[in-house]
Structure formats: structure tokens, C-alpha cells
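Listed below are the residues making up each chain.
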Amino acid sequence: MVKRKSASSSDSMEGWNYEAKVAEIEGIITRIEAGELELEAVFDQFASAVEYLRQCESFLQQRQQQVDLLIETLSEDQTF
């Protein structure tokens, strides 16, 4: 069940780039701090930044699971 969820999440993130999302988040923060946006735009941009942060967190969690699995597999291989 977990593998299916990870696979579908990976498929939906095809072409997705962690560094690009972080740069977008930084750009949003810069624009908000600079006062370049109308109040409504601030809320819209903030909502976008929160969504990007969630995507980044999900990406990192998936990669952590992959690393944990690789380490577990490596540990099992060494016990033989």
C-alpha cells in the first residue's frame, strides 16, 4: 500500500525540481518582505509558498524513505 502511494506521488512529481521550488519560495519571501505586493497578492503568494513548502517536505520525506530502505538493504547484505 505504501509503495503504491509513493509510486503515484513520484509520478505526479515527474519533472518537479526541488531547487526550483526553493528558489520560488525565496522569491516570494523577497517580494513580500520588500512590500512589492498588494495585500491580496501577499495572501495569494503566501498560500503558494506554503504549498511549495509542502511539496518540498513530501519530496524530502520520500527521499528519506528511499535512503532508509537502501541502508536497511545494505545492513541486511552485510549480515550474510
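Each remark here, short or long, concerns the structure printed above.
Residues numbered from 1 in each chain as written. Predicted model: local features only at pLDDT ≥ 70, side-chain atom pairs only at ≥ 80, totals over all residues. Heavy atoms only, no water.

1. Re the overall build of the chain
Keep this limit in mind: In this description a helix means any DSSP run of H or I spanning at least four residues, a strand means any run of E spanning at least two, and both kinds are numbered starting from the N terminus. Residue exposure (1.4 Å probe, protein chains only): buried if accessible area is under 20% of the type maximum, exposed if over 50%, otherwise partly exposed. Residue contacts are counted whenever heavy atoms from the two residues lie within 4.5 Å of one another. We get accessible surface area from the Shrake-Rupley algorithm with a probe of 1.4 Å; when it comes to residues, only the shown protein chains can shield them.
Check the secondary structure of the chain and you find 3 helices and 0 strands. The secondary structure elements of the chain, listed N-terminal to C-terminal, are α-α-α. Per-residue burial over the chain gives 12% buried out of 80 residues. In the chain, of all internal contacts separated by at least 6 residues, the share reaching a separation of at least 24 is 71%. Summed over all atoms, the accessible surface of the chain reaches about 6600 Å², with 56% contributed by carbon and sulfur.

2. Re the pattern of salt bridges
The cut-off we apply is this: Salt bridges are identified by distance alone: a Lys or Arg side-chain nitrogen within 4 Å of an Asp or Glu carboxyl oxygen.
Scanning the entire structure with this criterion turns up 1 salt bridge. Note that Glu 24 and Lys 21 form a salt bridge whose closest N and O atoms lie 3.7 Å from each other. Here Lys 21 and Glu 24 lie together in helix H2 (residues 18–34), a separation of 3 residues that amounts to about one turn. Look at Glu 24 and you get partly exposed, because its relative accessible area is 33%. By relative accessible area, Lys 21 is classed as buried at 15%.

3. Observations regarding the nonpolar core
The condition that has to hold: Only buried residues count toward a nonpolar core, which is a set of Ala, Val, Leu, Ile, Met, Phe, Trp, Tyr and Cys residues joined through side-chain atoms within 4.5 Å.
Grouped together as the largest cluster of nonpolar side chains are 7 residues: Trp 16, Ile 25, Ile 28, Ala 49, Tyr 52, Cys 56 and Phe 59. Taken together, the elements giving at least two residues each to this core come down to H2 and helix H3 (39–78). If we skip the residues at most four places from it in the chain, Ala 49 touches Ile 25 and Ile 28.

4. Concerning the packing of H2 against H3
Heads up, the rule is: Axis geometry follows a simple rule: fit a line to the C-alpha atoms, using only the stretch in contact for helices, then measure angles between N-to-C directions, giving values from 0 to 180 degrees. Under this scheme an angle from 65 to 115 degrees is roughly perpendicular, one under 35 degrees roughly parallel, and one over 145 degrees roughly antiparallel; angles in between are oblique. Put simply, a crossing is left-handed when the front helix is turned counterclockwise from the back one by less than a right angle, and right-handed when it is turned clockwise. Gly counts as polar in this scheme, as do all residues outside two lists: the nonpolar Ala, Val, Leu, Ile, Met, Phe, Trp, Tyr, Cys and Pro, and the charged Asp, Glu, Lys and Arg.
Between H2 and H3, the least distance of the axes is 9 Å, while the angle of their chain directions is 155 degrees. Between H2 and H3, the crossing angle belongs to the class labelled roughly antiparallel. For the element pair H2 and H3, the recorded crossing hand is left-handed. Judged by residue contacts, Tyr 18, Lys 21, Val 22, Glu 24, Ile 25, Ile 28, Arg 31 and Ile 32 of H2 engage Val 42, Gln 45, Phe 46, Ser 48, Ala 49, Tyr 52, Leu 53, Gln 55, Cys 56, Phe 59 and Leu 60 from H3. Considering only residue class, the contact of H2 with H3 consists of 13 nonpolar, 3 polar and 3 charged.

5. Quick notes on H3
Short version of the rule: Take the number of residues in a helix, subtract one, and multiply by 1.5 Å to get its expected span.
Here H3 contains 40 residues, and its C-alpha end-to-end distance of 58 Å stays within 8% of the 58 Å for a straight helix at 1.5 Å per residue. Within the span of H3, buried status applies to Ala 49, Tyr 52, Cys 56, Phe 59 and Gln 62.

6. Concerning the packing of aromatic side chains
Selection criterion: To pair, rings of Phe, Tyr and Trp, with the six-membered ring standing in for Trp, must have centres within 6.5 Å; the planes then decide the type, stacked if under 30 degrees apart, edge-to-face if over 60, and tilted in the middle.
Inspection of the entire model under this criterion finds 3 aromatic pairs. Ring geometry for Trp 16 against Tyr 18: centres 6.4 Å apart, planes inclined by 65 degrees, an arrangement best described as edge-to-face. The exposure class assigned to Tyr 18 is partly exposed, which follows from its relative accessible area of 24%.

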